[in-house]
Amino acid sequence: MKYVLVTGGVVSGLGKGVTASSIGVVLKACGLRITSIKIDPYLNTDAGTMSPFEHGEVFVLDDGGEVDLDLGNYERFLDVTLTRNNNITTGKIYQSVLDKERRGDYLGKTVQVVPHITDAIKNWIESVAVIPVDGKEGPADVCVIELGGTVGDIESMPFIEALRQLSFLVGQDNFCLVHVSLIPVLGVVGEQKTKPTQHSVRELRALGLTPHLLACRSAQPLLESTKEKLSQFCHVPAGNILNIHDVPNIWHVPLLLRNQNAHHSILKQLNLHSIAAPPALQDWTRMAETFDNLTESVRIALVGKYVGLSDSYLSVVKALLHACIACSLKPSIDWIAASDLEEDSARLTPEAHAAAWETLKNAACVLVPGGFGDRGVRGMILAAKYAREKKVPYLGICLGMQISVIEFARSVLGLESANSKEFDDQTPNPVVIFMPEGSRTHMGSTMRLGSRKTLFQTPDCITSKLYQNSEYVDERHRHRYEVNPEFIEILEESGLKFVGKDETGKRMEILELPTHPFYVGVQFHPEFKSRPARPSALFLGLILAATKQLEAYLGKHQNGS
């Protein structure tokens, strides 16, 4: 197995994830099979219990793993299906070592960071690297490893030591280190400063790892004099100093790497030139340029709780982008904080309230994504009511589906106290309830997670036609509340149709309002399986409905055709 390690220096948030994904894209375009591992040095076992404000969205995998959002980038860029073990955390490593110690596997030895923690890290990397993730038999050719955080962080020290040992273990022909660093420009002079990168590389080398390539992040392209200075002081050949400057969209990053012959340097270091072909990135180039040249846009109102940080809804944003590009449109996302739509906001912050409603009314479609807790719920209910009554295309995901059920029960059935048990445990009309198999004492990994089959109850529904499958669809889930089966009959009699159910037939998965052009709620998260060249069917349906193209599209693409 060949390894490419991507580390980061100077500051966090430089785009190591996009760089690692882009390296994978270029190597895959050379005909190599790629797998990925993300190392997160935090003590959490996984990302499942972390606030979106803290760490961005929680990405969910087919096997139910709740992982860092960078794994979403890997899946989208490389078109692979990763597992929970492709995300290594300090919590997982220490837990596995302590479990072994309790079983007596260390035979009375003193358990220490070196060698026991570092050995566990190496063993985990080596065992996960050989698991195929592209649907083919046998291990991949190259494993791209991203080390989260910044070189010098205390919590990442055991990982750096383990990776130093791994590089020595596998040999220099099987290990390539790419260090991502920042080249800032200070003051009015506008000089590109190399000193932060010099210090970062010095720190890395002091820990026993020497970078083979430098990926330099900057606003503008690097000057030749800057490259020469970096080469001289960082001990890296000038040809191996890559400049990842700001680009119109991140799909240009693999092209930047290709244009600077990054693949040559990596293939040479890994001794893979004999089996690699020139990178075939024609489709990727076309995709990046298509996005740049789009002029028409569609306005999408995204009504959520975590709109202060767009990374909280990263996969939703990417899925909207994929769907819009398929319709030759640019997404124009209007972020609306759900709480700004509420009556209380009209009194406390009238300007924000007025602006939120103005934005909602100017949008071509409404999307209410997932979330937890009761903050902003009343605003989401008002958004769902507006979309239903004004016949504006609506897509509710997870919480967004439950919101549409609550709104329908209140407005159409006249059950004014209808609510979810999550928001009001004493409600007399609990249209959304806690799932029987859920845990009320433990938060981590206790939800209904991962890929599950949803069976269509009729082929004559918008969702079935969009998926071009009259029987079922597999999508990823992440929820601990569900629509109460006791209310299904009365809801359906009033016009709300549950067209998708789980394999037991008791759990509601998809709802539609047949009298509405596009009013869809889904309990699963379709955004997690959206890909640049294969947009999610439901996001595509939302954009088609927003631009009055849905009927023509459905007429052209009948089930199974």
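What counts and how
- Residues numbered from 1 in each chain as written.
- Predicted model: local features only at pLDDT ≥ 70, side-chain atom pairs only at ≥ 80, totals over all residues.
- Heavy atoms only, no water.
- Helix = DSSP H or I, 4+ residues; strand = E, 2+ residues; numbered from the N terminus.
- Buried < 20%, exposed > 50% of the residue type's maximum accessible area, 1.4 Å probe, protein only.
- Contact = heavy atoms within 4.5 Å.
- Lys, Arg positive; Asp, Glu negative; His and termini not counted.
- Charge placed at Lys NZ, Arg CZ, Asp CG, Glu CD.
- Patch = residues over 30% accessible without salt bridge, like charges linked within 9 Å, V, L, I, M, F, W, Y side chains within 5 Å.
- Areas by Shrake-Rupley, 256 points an atom, 1.4 Å probe, with all protein chains shown as cover.
- Salt bridge = Lys/Arg side-chain N within 4 Å of Asp/Glu carboxyl O.
- Pairing = 2+ DSSP bridges.
- Axes fitted to C-alpha atoms, helices over the stretch in contact; angles between N-to-C directions.
- Expected span 1.5 Å × (residues − 1).
- Core = buried A, V, L, I, M, F, W, Y, C linked by side-chain atoms within 4.5 Å.
- Disulfide = S-S within 2.5 Å.
- Parallel < 35°, antiparallel > 145°, perpendicular 65-115°, else oblique.
- Left-handed = near helix turned anticlockwise from the far one by under 90°.
- Nonpolar A, V, L, I, M, F, W, Y, C, P; charged D, E, K, R; others polar.

Student: Outline the overall build of the protein chain, listing residues and values.
Tutor: Within the protein chain one finds 20 helices and 23 strands. Along the first, second and third principal axes, the C-alpha atoms of the protein chain reach 75 × 60 × 55 Å. Burial analysis of the protein chain (561 residues in total) assigns 57% to the buried set. Relative to all contacts within the protein chain whose residues are 6 or more apart in sequence, the contacts with residues 24 or more apart total 73%. Distance from the positive charge centre (56 side chains) to the negative charge centre (64 side chains) of the protein chain: 3 Å.

Student: How would you sum up a nonpolar patch on the surface? Please name residues and give values.
Tutor: On the surface, L43, Y94, L98, V113 and V114 cluster together into a nonpolar patch covering about 450 Å² of accessible area. Broken down by secondary-structure element, the contributors of at least two residues to the nonpolar patch are helix 4 (90-103) and helix 5 (113-129). With respect to the element layout, V114 can be found in helix 5. A relative accessible area of 46% places V114 in the partly exposed class.

Student: If you had to explain the sheet that holds strand 12 (residues 297-304) to someone new, which residues and values would you point to?
Tutor: Ordered in space as 13-12-14-15-23-22-21-18-19, the 9 strands form an open sheet in which the pairing is mixed. Sheet topology places strand 13 (330-337) and strand 19 (472-479) at the edges, where each strand pairs with a single neighbour. On average, each strand axis in the sheet is tilted by 25° relative to the strand beside it, whichever way the strands run. The pairing of strand 12 with strand 14 (residues 365-368) spans 3 bridges and is parallel. When the bridges of strand 14 are listed, A301 appears paired with V366.

Student: Describe the pattern of salt bridges, naming the residues involved and giving the relevant values.
Tutor: Inspection of every chain in the model, using the stated rule, returns 29 salt bridges. With a closest N to O distance of 2.8 Å, E101 and R102 form a salt bridge. Salt bridges sharing common partners tie together D62, E75, D79, R476, K529, R531 and R534.

Student: Please give an account of helix 12 (residues 314-326) that cites residues and values.
Tutor: An ideal rise of 1.5 Å per residue puts 18 Å on 13 residues; helix 12 measures up with 19 Å between its terminal C-alpha atoms. The buried fraction of helix 12 is high, at 11 of 13 residues. Of all the residues in helix 12, the buried ones are L314, S315, V316, K318, A319, L320, L321, H322, A323, C324 and I325. Positive phi shows up at S328, right after helix 12, with a value of about 60°.

Student: How would you sum up the nonpolar core? Please name residues and give values.
Tutor: V4, L27, V142 and W251 are the most contacted members of the largest nonpolar core, which has 53 residues in total. A total of 7 residues in this core trace back to one element, the largest contributor, which is helix 1 (residues 16-29). When neighbours within four sequence positions are excluded, W251 is seen to be in contact with F77, W284, M287, A288, F291, L321, H322, I325 and P532. Of all hydrophobic cores here, the second largest spans 45 residues; its members include A301, A363, F487 and L491.

Student: Please set out the state of the cysteines residue by residue, giving values where relevant.
Tutor: Using the criterion set out here, one finds 0 disulfides in the structure. You can see C216 has no disulfide; the closest cysteine sulfur is in C234, sitting 7.8 Å from it. According to the relative accessible area criterion, C216 is buried, its value standing at 0%. Among the cysteines around C324, which has no disulfide bond, C327 carries the closest sulfur, lying 6.8 Å off. With relative accessibility at 0%, the residue C324 sits in the buried group.

Student: Any chance you could break down unusual backbone geometry for me, citing the residues and the numbers?
Tutor: Each neighbour pair has its own omega, and for V114 with P115 the value is 20°, a cis peptide bond. Looking at the secondary structure, you find P115 in helix 5. At V10, a residue that is not glycine, the phi angle is positive and equals roughly 75°. Looking at where V10 falls in the secondary structure, it is placed in the loop between strand 1 (2-8) and helix 1. By relative accessible area, V10 is classed as partly exposed at 34%. Located in the positive-phi region is H235, a residue other than glycine, with phi close to 65°. Relative to the helices and strands, H235 is located in the loop between helix 8 (224-234) and strand 11 (241-245). When its relative accessible area of 56% is taken as the criterion, H235 is described as exposed.

Student: Quick one: what's the story with the packing of helix 7 (residues 195-206) against helix 8, residue by residue and with numbers?
Tutor: Running from N to C, helix 7 and helix 8 cross one another at 25°; their axes reach a closest spacing of 10 Å. Here helix 8 runs roughly parallel to helix 7, going by the angle between their axes. Crossing of helix 7 against helix 8: the hand is right-handed. Contact with helix 7, carried on its side by T197, Q198, V201 and R205, involves K229, L230, F233 and C234 of helix 8 and no other residues of that element. In terms of residue class, the contact of helix 7 with helix 8 is built from 4 nonpolar, 2 polar and 2 charged.

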